[in-house]
Amino acid sequence: MSMAIFSRDWLLSEDPETRAQARLGQFYRLMRALMRNPLAMVGLAIIVALLVVAAFAPWIAPYSPLQGSLQNRLQPPSSAHWMGTDELGRDILSRVIHGSRITLYIVLLVAVISAPLGLIVGAVSGYFGGWVDKVLMGFTDIFLSMPRLIMALAFVAALGPGIENAVIAIAITAWPVYARIARAETLTFRTAEFISAVQMQGASHARVIWRHVIPLCLSSTIVRVTLDMAGIILTAAGLGFLGLGAQPPLPEWGAMISRGRAFILDQWWVATMPGFAIVIVSLGFCLFGDGLRDVLDPKGKVKV
Amino acid sequence: MSLLHVENLRVRFPTDHGEVEVVKGLTFDLGRERLGIVGESGSGKSMTGRALMGLIAPPGRVTADRLEFDGIDLRNLPESGLRRLRGARMSMVMQDPKFSLNPVIRIGEQIGEALQFHRSMNARARKQAVLEVLEAVRINEPERVYRLFPHEVSGGMGQRVMIAMMVVLQPDLMIADEPTSALDVSVRATVLEILDDLVRRRGMGLILISHDLDMVARWCDRILVMYAGRVVEECAAEKLHEATHPYTRGLLASVPQLNETRRRLPVLDRAAIGAGT
Amino acid sequence: MISIENLTVSFGGTPVVHEVSFAVAQGESFALVGESGSGKSTILKAIAGQAHEWTGAIRIGGDALGKRRDAAFVRRVQMVFQDPYGSLHPRRTVDDTLSEPLAVHRIKGHDARVLAMLDAVGLSRRFRFRLPHQLSGGQRQRVAIARALMLEPEVLLLDEPTSALDVSVQAEILNLLADLREDRGLTYLLVTHDLPIVSFLCDRLGVLRAGRLEEVSDVASLRAGHLDSAYGRELVARSSG
């Protein structure tokens with residue numbers, strides 16, 4: 001913000017001169033509204049920290065996540081091993097740091113698969129209504145009515161354990177929620193005059209959905225995806241815990257808790273440390289999602 | 001005797017570009033009469049109504065040198081005291097009945113609720129009072145309408161129900177903010193007649209807030225014309241067409257007439273008006 | 001230019017417009033007046049292709065319309081909606097809104113056309129990249145009119161274009177509509193409940209009541225208060241209070 005061209009006045013100008021200025025101005029207003037919410041900033045800080053840790057894991061981690069020395073097994077937290085060591089003498093801090101990569105990988109992949117799928121199904125369903133709506137929503141309801149973890153279990157059992165299969169399983173159970181949200185959102189403005197106006201200009205259905213309907217569903221979907229991240233992390237950890245997600249020796253947090261279960265009474269840190277990681281990251285996504293909702297969701301915001 | 005005494009009323013809202021004053025020092029007295037407040041969107045007329053009712057939510061701020069209702073200072077009244085006044089002694093009719101009525105409660109019960117809150121009376125007396133007030137707003141079958149849900153009545157009927165709800169406690173002051181703009185032309189007159197009738201029979205004070213000059217001139221005794229948060233003209237209703245302020249004159253001229261022969265309608269010169277005030 | 005014969009429009013099997021016939025000449029401004037529920041907006045919707053259950057004949061410039069509206073139709077007939085708050089996409093700038101019809105019809109030269117149109121409807125060029133919520137009601141309605149004119153149509157369907165506006169702004173928009181008609185030789189079909197607007201902007205009017213056309217008359221009779229039908233006279237009486 002030190003450059004003159006990106007001054008506050010330039011960004012907040014009511015009369016932007018170019019498309020770029022208009023877009024940057026909107027983005028700046030959004031960020032500023034978000035900054036006023038301290039909890040959302042805490043959430044954002046946690047997410048940024050997660051990203052940084054994941055990106056630089058090999059440099060940050062003091063030890064190897066996979067190799068330990070058996071002399072050092074089950075050491076309590078100390079200055080040498082801040083989070084202690086596990087039953088194979090591996091440094092838990094290093095494993096948690098490397099585990100962030102796996103968590104992030106799962107979360108992002110699930111979001112990239114399920115959110116667009118749900119968005120498109122929901123927008124098409126809401127836009128056309130009638131029998132298209134009935135068929136698509138019937139289909140959605142079938143998926144929605146199945147419990148997520150059990151579905152994921154069934155898929156993994158059929159496809160074989162592993163991170164990729166866990167991701168597919170979670171994505172398949174996650175999209176119906178987004179479809180429901182996108183449809184509900186679409187229904188509120190399906191008959192709005194601005195939709196009639198573009199139809200009257202000869203725009204095809206595909207164009208109306210893609211350029212006019214979906215952008216309006218986007219913000220509520222983004223909010224929901226962010227809030228769901230916590231659930232996705234927990235489901236992935238759950239699968240890991242049950243031995244159906246990431247396979248040893250990968251340092252997946254859920255799997256680490258599962259291994260630590262055996263020593264929970266005498267060596268509490270083995271299971272607790274990755275547990276903390278899960279709680280903190282989930283909380284970060286929740287807080288940020290809540291903040292985003294306040295900023296992005298036009299409903300409930302009173303304009304004077 | 002003056003029912004409402006307002007001196008230097010100001011309403012402010014904080015924005016990105018500093019604090020904005022939407023009502024800039026309004027002063028007037030209201031007796032048991034019909035006062036019209038006319039102005040266009042953004043003139044501050046609705047904010048005035050809301051400020052009088054104590055309905056400006058933070059971060060909006062209301063200040064006044066005097067703000068008295070029947071000798072009660074409204075400025076320092078706690079919320080609980082205000083709530084007791086609102087409904088019982090002063091009430092407000094909003095623009096659209098569809099958004100002001102709870103959709104899942106029967107009409108009769110909604111009207112009765114106000115009685116329950118402000119008056120101690122038994123269920124039978126309460127129902128009797130509700131039926132009477134429904135009749136007073138010219139609803140033909142009060143017994144039937146009593147049992148209906150808000151979505152089962154037309155817009156005009158809904159607005160009458162709203163009015164019934166507002167007058168059931170026999171308030172001394174009624175503020176009607178665009179009470180007819182959501183209604184069909186043919187229903188508007190009826191609703192206004194009912195309001196008028198209630199004012200006359202019960203001796204209420206009425207503040208009618210509207211953008212419609214002709215309507216206000218027809219139904220009020222006195223008119224305040226607001227522009228950009230200020231009163232630019234105050235006159236007796238029948239003298240509206242002799243108004244002197246350029247804004248009022250411009251507004252009157254810009255309305256098309258039934259026997260319109262002008263090729264172009266005169267347009268307000270906002271710059272000139274802004275300089276004049 | 002527009003010819004309507006025995007038009008019956010239904011919603012869910014219930015007819016709301018019954019056997020209405022009228023014709024609008026090229027360059028003429030015709031008004032449909034009536035109260036809400038009279039079917040005046042429904043007729044507009046049937047022409048625009050937004051109400052599909054209709055029988056009878058609708059002709060634009062001699063060509064009978066079918067159930068679907070093709071690209072040739074939308075370049076000839078455009079519509080201005082009642083609510084300037086609901087008819088603009090809340091997340092798209094004025095520039096996006098005005099460029100969209102050009103993109104749909106693969107017309108080149110967006111920048112020049114958008115700027116020329118802003119000038120034509122009297123909107124300052126500095127509003128070009130604003131979002132709808134940064135505009136006043138009158139400015140929004142100017143954008144909506146500009147959008148309708150981007151494809152250079154011959155016919156504008158106007159659905160209560162000023163009923164949501166302040167009176168002083170209404171005067172500006174009415175002047176704009178009158179000027180545009182003169183400059184571009186447009187044909188207007190206006191729907192309204194406000195008779196003085198008809199008197200200002202139109203040449204002839206049709207009075208609708210409960211889906212039936214009560215009478216068609218010229219504006220001179222309206223100005224003189226000499227409408228033929230009893231219902232027409234009732235409307236006049238009510239409007240002059």
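Below: a short report on this structure. (Residues numbered from 1 in each chain as written. Chains lettered and ligands numbered in written order. Predicted model: local features only at pLDDT ≥ 70, side-chain atom pairs only at ≥ 80, totals over all residues. Heavy atoms only, no water.)

### Looking at the overall build of chain C
Counting its secondary structure elements, chain C contains nine helices and 10 strands. Taking 2.2 N^0.38 as the reference for a compact globule, 241 residues should give roughly 18 Å; the C-alpha atoms of chain C span a radius of gyration of 18 Å, in line with that estimate. Taking the principal axes of the C-alpha coordinates as reference, chain C spans close to 50 × 40 × 30 Å. Considering chain C as a whole, with its 241 residues, one finds that 60% of them fall into the buried category. In chain C, once contacts between residues fewer than 6 apart in sequence are set aside, the share between residues at least 24 apart is 66%. For chain C, the computed accessible surface area is about 8900 Å², with 47% contributed by carbon and sulfur atoms. Seen as two clouds, the 28 positive and the 29 negative side-chain charges of chain C have centres 6 Å apart. (Helix = DSSP H or I, 4+ residues; strand = E, 2+ residues; numbered from the N terminus. Rg over C-alpha atoms; globule rule 2.2 N^0.38 Å. Buried < 20%, exposed > 50% of the residue type's maximum accessible area, 1.4 Å probe, protein only. Contact = heavy atoms within 4.5 Å. Areas by Shrake-Rupley, 256 points an atom, 1.4 Å probe, with all protein chains shown as cover. Lys, Arg positive; Asp, Glu negative; His and termini not counted. Charge placed at Lys NZ, Arg CZ, Asp CG, Glu CD.)

### Some remarks on the packing of helix α5 (residues 92–128) of chain A against helix α6 (residues 130–144) of chain A
Residue and element names in this part refer to chain A. Relative orientation of the contacting elements α5 and α6 amounts to 145°, with a least axis distance of 7 Å. As for how α5 packs across α6, the hand of that crossing is left-handed. Contacts between α5 and α6 pair Val 121, Gly 122, Val 124, Ser 125, Gly 126 and Phe 128 from the former with Gly 130, Val 132, Asp 133, Leu 136, Met 137 and Thr 140 from the latter. Residue classes in the contact of α5 with α6 are distributed as six nonpolar, five polar and one charged. (Axes fitted to C-alpha atoms, helices over the stretch in contact; angles between N-to-C directions. Left-handed = near helix turned anticlockwise from the far one by under 90°. Nonpolar A, V, L, I, M, F, W, Y, C, P; charged D, E, K, R; others polar.)

### With respect to the pairing of strand β2 (residues 14–24) of chain C
All names here are of chain C. Examined bridge by bridge, strand β1 (residues 2–11) and β2 share seven bridges and lie antiparallel to one another. Residue pairing for β2: Ile 2 is matched across the bridge by Val 24. Connecting β1 to the next strand, β2, in antiparallel fashion are two residues, including Gly 12 with a positive phi near 55°. (Pairing = 2+ DSSP bridges.)

### Description of the nonpolar core
The biggest cluster of nonpolar side chains holds 60 residues, and the ones touching the most others in it are Ile 111, Ile 163, Met 174, Ile 223 and Tyr 247 of chain B. Top contributing element to this core by residue count: helix α7 (residues 155–167) of chain B, with eight residues. Counting 53 residues, the second largest nonpolar core, distinct from the first, contains Leu 74, Met 83, Val 96 and Val 295 of chain A. (Core = buried A, V, L, I, M, F, W, Y, C linked by side-chain atoms within 4.5 Å.)

### Section: the packing of α5 of chain A against helix α10 (residues 205–241) of chain A
All names here are of chain A. Interhelical geometry of α5 versus α10 gives an angle of 140° and a closest axis separation of 7 Å. Relative to α10, α5 is oriented so that their crossing is right-handed. When its residues are assigned to classes, the contact of α5 with α10 shows 22 nonpolar, three polar and no charged.

### Here's the deal with the interface of chain C and chain B
Chain C puts 26 residues into the contact, and the matching count from chain B is 24 residues. Interface area for chain C against chain B, summed over the two sides, is near 2200 Å², with a carbon-plus-sulfur share of 54%. Three residues stand out in chain C for area buried against chain B, namely Asp 166, Val 167 and Phe 200 of chain C, and they jointly supply 24% of the buried area on that side. In this structure, the connection of chain C to chain B is made through two salt bridges. (Buried area = accessible area lost by both parts, 1.4 Å probe. Salt bridge = Lys/Arg side-chain N within 4 Å of Asp/Glu carboxyl O.)

### Description of the layout of surface pockets
Residue and element names in this part refer to chain B. Roughly 540 Å³ of volume is contained in the second largest pocket. Listed by contribution, the elements that provide at least two residues to the lining of the second largest pocket are α2 (79–88), β7 (90–93), α3 (97–100), α4 (107–118) and α7. Per-element accounting of the lining of the second largest pocket gives the leading share, five residues, to α4. (1 Å grid on protein atoms, 1.4 Å probe; cavity = no way out; pocket = protein on both sides within 12 Å on 5 of 7 lines; lining within 4 Å. Points joined across faces, edges and corners; volume = space filled by probe spheres on them.)

### Description of the interface of chain A and chain C
At the interface, 29 residues of chain A touch 36 residues of chain C. Interface area for chain A against chain C, summed over the two sides, is near 2600 Å², with a carbon-plus-sulfur share of 50%. The largest share of the area that chain A buries against chain C comes from Glu 193, Met 200 and Gln 201 of chain A, three residues that together contribute 30% of it. Scanning the region where chain A abuts chain C turns up two salt bridges. A salt bridge links Glu 100 of chain C to Arg 211 of chain A, with the shortest nitrogen-to-oxygen separation between them at 3.7 Å. Applying the counting rule to chain A against chain C returns nine residue pairs in polar contact (both at pLDDT 80 or more). (Polar contact = N/O pair within 3.5 Å; in protein donor to acceptor, adjacent residues only side chain to side chain.)

### Comments concerning the sheet that holds strand β11 (residues 230–236) of chain B
All names here are of chain B. With mixed pairing, the six strands of this open sheet are ordered in space as β7-β8-β9-β3-β10-β11. Each edge of the open sheet is held by one strand with a lone partner, namely β7 and β11. Across the sheet, the axes of successive neighbouring strands diverge by a mean angle of 15°, strand direction being ignored. Relative to strand β9 (residues 205–210), strand β3 (residues 34–38) runs parallel, the two sharing five bridges. Note on β9: the bridge partner recorded for Gly 36 is Leu 208. Relative to the sheet, helix α1 (residues 45–52) contacts β3, β7, β8 (173–177), β9 and β10 (222–227), its axis offset from that of β9 by approximately 145°.

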